[in-house]
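Residues per chain are reported as follows:
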Amino acid sequence: MKFNLNHFIAEIGVNHENSMANAKLMIDECSELGVGAVKFQSYKASKLAADESPAYWDLTKEPTSSQKELFSKYDIFGIEEFIELAKYCKKKNIEFMSTPFDIDYVWELNEYLQRFKIASVDCTNHILLKEVARTRKPVIMSVGATTIEEIESSVELLFSNGTTDLTLLHCIVNYPTAFNNAGLNHIQVLKEKFPKCKIGYSDHTVPEESQFVLLAALANGAEVIEKHYTFDRSIQGNDHYHAFQKSDLSEF
């Protein structure tokens, strides 16, 4: 089996720690290794999380117990910073992606994106999905923590509102995901249920296990791979400890 790295999305997310230098460093590393795309996250905590939203991550790695409190630490970047990153990615010959978590960001980012990525948390957010579909650009949507019926409803909505190219990513919303809970057979289920869609996998296992899990995902037919990426996995934070760094990505 030969996997095309153009179909690998390095999920930088907010692992830049609000530093443009860190963000560009990771773009440089991924570009050097031949990865197809780097992805960021565009949100404001005040729009994304309720005050009482509990943690869903490993509290021994990231002790913040409130989603809103944690997200507030990493929402400093705005559209100006994302435009700068998009231009830098173009210079480095790597695709710029950023997941919009609200309608405003859909249209602010639209000019700079080749395709949209929808997070699992928004798989049932039909208001957001309709706006993304209206752009008529390809869509990649993670489908963790959803039922088949919910996925069917969202897929139908996207196709009926302008989307013509849709990829679904099997995903386990558990940080980190235990090796034996990756549920990779679900890739085949999605292929059978959604023949009009490409199917891939978004991974949250720890890097030592990810090497095997990602290869198994490819063996199960994943056409796109998404994996969190960081410049230093030892940094405290809910998306650092289960992310690839350069040596892991190089090995993969």
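Everything numeric here is computed off the predicted structure, so don't read it as measured data.

**Student:** Could you give an account of the layout of surface pockets, naming the residues involved and the relevant values?
**Tutor:** Empty space among the atoms becomes apparent when a probe as large as a water molecule is rolled across them. Space inside the largest pocket adds up to approximately 570 Å³. Elements represented by at least two residues in the lining of the largest pocket include exactly β2 (37-42), α3 (67-73) and β8 (225-228). Ranked by the residues each element gives to the lining of the largest pocket, the list is headed by α3, at three residues. Partitioned by chemical class, the residues of the lining of the largest pocket number 15 nonpolar, ten polar and five charged. Approximately 180 Å³ is the volume found for the second largest pocket. Ala-86, Lys-87, Cys-89, Lys-90, Asn-93, Ile-94, Glu-95, Phe-96, Tyr-112, Leu-113 and Gln-114 together form the lining of the second largest pocket. Put simply, the parts of the chain that give the lining of the second largest pocket at least two residues each are α4 (79-91) and β3 (95-100).

**Student:** Could you give an account of the pairing of β3, naming the residues involved and the relevant values?
**Tutor:** One face of the sheet, then the other: side chains in a regular strand alternate in exactly this way. Burial of β3 is extensive: six of the six residues sit out of reach of the surface. Residues Glu-95, Met-97 and Thr-99 line one face of β3 and the alternating positions Phe-96, Ser-98 and Pro-100 line the opposite face, and both faces are buried. The sheet contact formed by β2 and β3 spans six bridges and is parallel. Opposite Ala-37, over in β3, you have Glu-95 as the bridge partner.

How each quantity is defined
Residues numbered from 1 in each chain as written. Predicted model: local features only at pLDDT ≥ 70, side-chain atom pairs only at ≥ 80, totals over all residues. Heavy atoms only, no water. 1 Å grid on protein atoms, 1.4 Å probe; cavity = no way out; pocket = protein on both sides within 12 Å on 5 of 7 lines; lining within 4 Å. Points joined across faces, edges and corners; volume = space filled by probe spheres on them. Helix = DSSP H or I, 4+ residues; strand = E, 2+ residues; numbered from the N terminus. Nonpolar A, V, L, I, M, F, W, Y, C, P; charged D, E, K, R; others polar. Buried < 20%, exposed > 50% of the residue type's maximum accessible area, 1.4 Å probe, protein only. Pairing = 2+ DSSP bridges.

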